[in-house]
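Understanding the architecture of this molecule
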Amino acid sequence: MTRAFADGQATEVPARSPLGLASDLRNPREVHSANGRFRLDLTMKQSRIELPYARPNLRLYEGEIPGPTFRVAPGDDMEITLHNDMPPNDDPSPAILNTPNEFSTTNLHFHGFHVSPKGNSDNVYLQIHPGESFNYVVRLPEDHPAGNYWYHPHRHGSVALQVASGCGGMMVVTGTLDEVPEVAAAIERVLVFQCPVVDPKAEDLESYDTIWSLDAERYWLVNGEYHPRIYMRTGEVQHWRLLNAGDQQFLPMKLDGLELYEIGFDGNPYPEARQTDEIFIAPGNRMNLMVKAIEPGSYMLMRPAFTQGKTQIDEALMAEVIVLPPGTDRIAPDVKMGTELPKGPLPKNKVLTDIPDEEIVRTRQIVLGVSDEKGMFKDTVFTLNGDPFDPNRDDVVAKLGQAEEWELVNTTPFPHPIHVHVNPMQVIKINGEPLAHPQWQDTIAVPAAGTVTLRMRFTDFDGRFVMHCHILPHEDLGMMLNVAIQA
Ligand SMILES: [Cu+2]
């Protein structure tokens with residue numbers, strides 16, 4: 001059911017350096033809600049962009065990489081008209097389920113949002129064909145957890161290619177951590193990590209072969225920039241909101257010489273700030289990070305060498321961090337500078353209370369697998385409980401208001417970041433080891449040949465949604481199932 005927005009409006013903030021410095025990395029353009037309303041036209045179209053390593057023609061929202069950041073508040077009503085301005089698909093035959101197809105058919109997903117999966121809300125079963133427009137209406141509950149979320153296409157068969165192309169953007173639901181004085185005092189950065197995969201010769205992204213290799217070298221962009229510079233002042237603490245909006249590669253990252261403190265993950269605060277030497281965000285994950293600059297100099301935000309498949313992926317420079325000396329006159333004196341880190345317990349998103357043993361009404365095991373199937377892409381399908389995705393099958397049927405415990409069992413030699421829509425999960429065990437602080441998140445990397453145990457409470461919304469691997473080629477090739485919540 002659609003609603004009319006009589007006074008629908010939103011305010012815009014242009015892309016800009018939060019320090020007002022020309023050579024500093026810019027935050028993506030923002031669109032803010034106003035008076036409880038968020039209204040936006042969002043167009044997916046072919047856009048040629050200039051990158052140091054290629055000049056690709058990509059599918060992008062509004063021709064921008066990344067798409068604009070949406071900043072909304074709990075209780076807001078969002079109305080987004082998605083326009084699919086792509087040329088017609090040129091697939092020769094009807095789509096075969098669980099093979100890549102119709103790269104110009106799309107839809108829109110609100111990753112991590114606790115909203116209705118039905119009708120014209122966060123409904124990933126919709127197909128918006130080239131030339132069509134569709135009105136999404138998404139109503140955020142008054143008690144929606146504050147934090148970092150994101151939007152991206154989610155049409156089965158074209159999701160990996162469209163996200164790999166650069167379709168996606170941050171969404172910030174305001175509140176909770178924003179109200180911590182040390183966080184509020186800090187300069188805030190939105191850092192969207194993407195790696196549009198282009199064949200340098202072809203200059204476009206029309207072949208699934210180009211994105212298929214998990215171990216292929218990627219050129220990582222931060223807010224659409226290759227090897228950007230991020231400026232800080234000596235003694236400064238900044239609040240970074242990080243998003244791995246890539247299609248498949250994990251992002252471990254290090255920033256030696258500065259102090260890093262994780263304060264939240266997938267939108268939810270940690271119990272308290274945690275100092276770390278290396279952070280990790282799987283595809284789909286977000287992180288709130290406080291970064292403290294100690295000494296003037298030039299520092300490298302690196303993705304260290306690592307492996308998530310068969311071969312090692314080399315280390316890569318993500319950005320250079322330049323710490324300006326004390327008393328620098330390069331930044332206007334009225335640009336605020338936080339210098340303190342949050343101390344003691346961080347505030348909680350109050351609706352997300354621990355799920356105790358007594359509340360669990362059912363346990364399930366979900367087995368992650370891969371198998372050979374002739375005639376499919378690379379003769380491969382990825383499976384959950386032995387089967388590739390079937391949109392007409394209810395794999396999990398659960399009751400609204402109840403809580404369940406699921407054990408994800410990975411039988412493959414690769415990790416899989418599993419994402420469940422609509423309801424966040426409380427991760428309680430990894431490889432059978434209980435976590436000291438069960439963490440609320442919406443995407444969890446299940447270790448190679450390992451297990452993850454999580455709990456979910458199905459609140460507020462009945463209807464069907466999906467759970468899937470956020471290595472998006474795995475999703476397109478079948479690693480997705482349907483969850484039906486009955487009222
Ligand atoms: Cu996977």
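Residues numbered from 1 in each chain as written. Predicted model: local features only at pLDDT ≥ 70, side-chain atom pairs only at ≥ 80, totals over all residues. Heavy atoms only, no water.

1. Overview of the side chain of Asn410
Which entries qualify depends on this criterion: Think of it this way: any DSSP run of H or I at least four residues long counts as a helix, any run of E at least two long counts as a strand, and we number them from the N terminus. Two N or O atoms count as a polar contact when they lie within 3.5 Å, although within protein this holds only if one can serve as hydrogen donor and the other as acceptor, and sequence-adjacent residues are included solely when both atoms are side-chain atoms. By definition, residues are in contact when any of their heavy atoms lie within 4.5 Å.
Along the chain, Asn410 turns up in strand E26 (residues 403-410). Among the polar contacts listed, one links the side chain of Asn410 to the backbone oxygen of Phe414, at a separation of 2.7 Å. When sequence neighbours within four positions are dropped, the list of residues in contact with Asn410 reads Leu368, Pro415, His416, Val446, Pro447, Ala448, Ala449 and Gly450.

2. Notes on the coordination of the copper ion
Heads up, the rule is: Only nitrogen, oxygen and sulfur atoms count as donors, using a 2.8 Å cut-off from the metal that widens to 3.2 Å for Na, K and Ca. Water is left out, so coordination shells may look unfilled. Relative accessibility thresholds used throughout: buried, under 20% of the residue-type maximum; exposed, over 50%; partly exposed, between the two (1.4 Å probe, protein chains only).
The protein atoms donating to the copper ion are His416 (ND1), Cys469 (SG) and His474 (ND1), with metal-donor distances spanning 2.0 to 2.1 Å. Every donor residue of the copper ion comes from the same chain, spaced as H-x52-C-x4-H. In this pair, His416 sits in strand E27 (residues 416-420) while His474 sits in helix H4 (residues 472-476), placing the two residues 58 residues apart along the sequence. Using a relative accessible area of 0% as the deciding quantity, one classes His416 as buried.

3. What to know about the packing of aromatic side chains
Stated formally: Ring geometry is summarised as follows: Phe, Tyr and Trp rings, the Trp one being its six-membered ring, pair when their centres sit within 6.5 Å, and such pairs are stacked at plane angles under 30 degrees, edge-to-face over 60 and tilted between the two. Look at NZ for Lys and CZ for Arg. If either is within 6 Å of the ring centre and within 35 degrees of the ring normal, a charge sits over the ring.
Per the stated rule, a full pass over the model turns up 14 aromatic pairs. Residues Phe38 and Phe70 carry aromatic rings whose centres are separated by 4.9 Å and whose planes lie at 50° to one another, so their mutual orientation is tilted. Note that Phe38 is positioned in strand E3 (residues 37-48) and Phe70 in strand E5 (residues 69-72), a separation of 32 residues in sequence. Across this residue pair, the class does not change: Phe38 and Phe70 are buried. Ring plane angle 15° and centroid distance 6.0 Å describe the contact between Phe110 and Phe113, whose orientation is recorded as stacked. Accessibility classification places Phe110 together with Phe113 in one group, the buried group. Members of the aromatic cluster, connected to one another through ring pairs, are Phe110, Phe113, Phe134, Tyr136 and Tyr149. Looking at Arg274, its charged tip hangs above the ring of Tyr270, at a distance of 3.8 Å from the centre.

4. Describing the nonpolar core
Put simply, the rule reads: Put simply, a nonpolar core is a bunch of buried Ala, Val, Leu, Ile, Met, Phe, Trp, Tyr and Cys residues held in one set by side-chain atoms that sit within 4.5 Å of each other.
The biggest cluster of nonpolar side chains holds 57 residues, and the ones touching the most others in it are Ile366, Leu368, Trp406, Leu408, Leu454 and Met467. Take this core: its biggest share by element is 5 residues, from helix H1 (residues 159-165). Not counting residues up to four positions away in its chain, the partners in contact with Met467 are Ile366, Leu384, Trp406, Leu408, Ile418, His419, Val420, Met479, Met480 and Leu481. Counting residues in hydrophobic clusters, the runner-up holds 29 residues, among them Leu191, Leu255, Ala293 and Ala319.

5. What about unusual backbone geometry?
Leaving glycine out, the prevailing phi sign among residues is negative, and the prevailing peptide bond configuration is trans. Cis peptide bonds are those with omega within 30 degrees of zero, and the linkage from Ile65 to Pro66 qualifies with -5°. For Pro66, the location among the structural elements is in the loop between strand E4 (57-61) and E5. Positive phi outside glycine occurs at Asn98, with the angle close to 70°. Along the chain, the position of Asn98 falls in the loop between strand E6 (77-84) and strand E7 (109-111). Asn98 gets classed as buried once you look at its relative accessible area, which sits at 4%. Of note, the phi angle at Ala449 is positive, near 55°, even though the residue is not glycine. Among the structural elements, Ala449 can be located in the loop between strand E30 (443-446) and strand E31 (451-457).

6. Side note on the pairing of strand E29 (residues 433-441)
Every other side chain in a regular strand lies on the same face of the sheet, so the side chains alternate between the two faces. Which entries qualify depends on this criterion: For two strands to count as paired, DSSP must find a minimum of two bridges between them.
Sheet topology note: the strand E28 (residues 425-430)/E29 ladder contains 5 bridges and is antiparallel. Each residue of the ladder has a partner; that of Lys429, found in E29, is Pro434. Counting the residues in the hairpin turn of E28 and E29 gives 2 residues, including Asn431, whose phi is positive at 50°.

7. Remarks on the domain arrangement of the protein
In plain terms, the rule: Where each domain starts and ends follows an automatic or database-derived domain assignment. A 1.4 Å probe defines the accessible area here, and the buried area is the portion of it lost by two parts on being joined, summed over both. For this document, the term salt bridge refers to a Lys or Arg side-chain nitrogen within 4 Å of an Asp or Glu carboxyl oxygen.
When cut into domains, the protein gives domain 1 (10-174), domain 2 (181-324) and domain 3 (357-486). Counting residues at the interface gives 46 residues for domain 1 and 47 residues for domain 2. When domain 1 packs against domain 2, the two sides together hide about 3,700 Å² of surface, and 63% of this comes from carbon and sulfur. When the area that domain 1 buries against domain 2 is broken down by residue, the three leading residues are Leu25, Tyr53 and Asn148, summing to 21%. Linking domain 1 with domain 2 are 2 salt bridges. In this structure, Arg71 engages Glu188 in a salt bridge whose closest nitrogen and oxygen atoms are separated by 2.7 Å. The interface formed by domain 1 and domain 2 holds 15 residue pairs in polar contact (both at pLDDT 80 or more) in total. For the side of domain 1 that touches domain 2, the secondary structure elements donating two or more residues are E3, E4, E5, strand E9 (147-152), H1 and strand E10 (169-173). At 5 residues, the largest contribution of residues to the side of domain 1 that touches domain 2 is made by H1.

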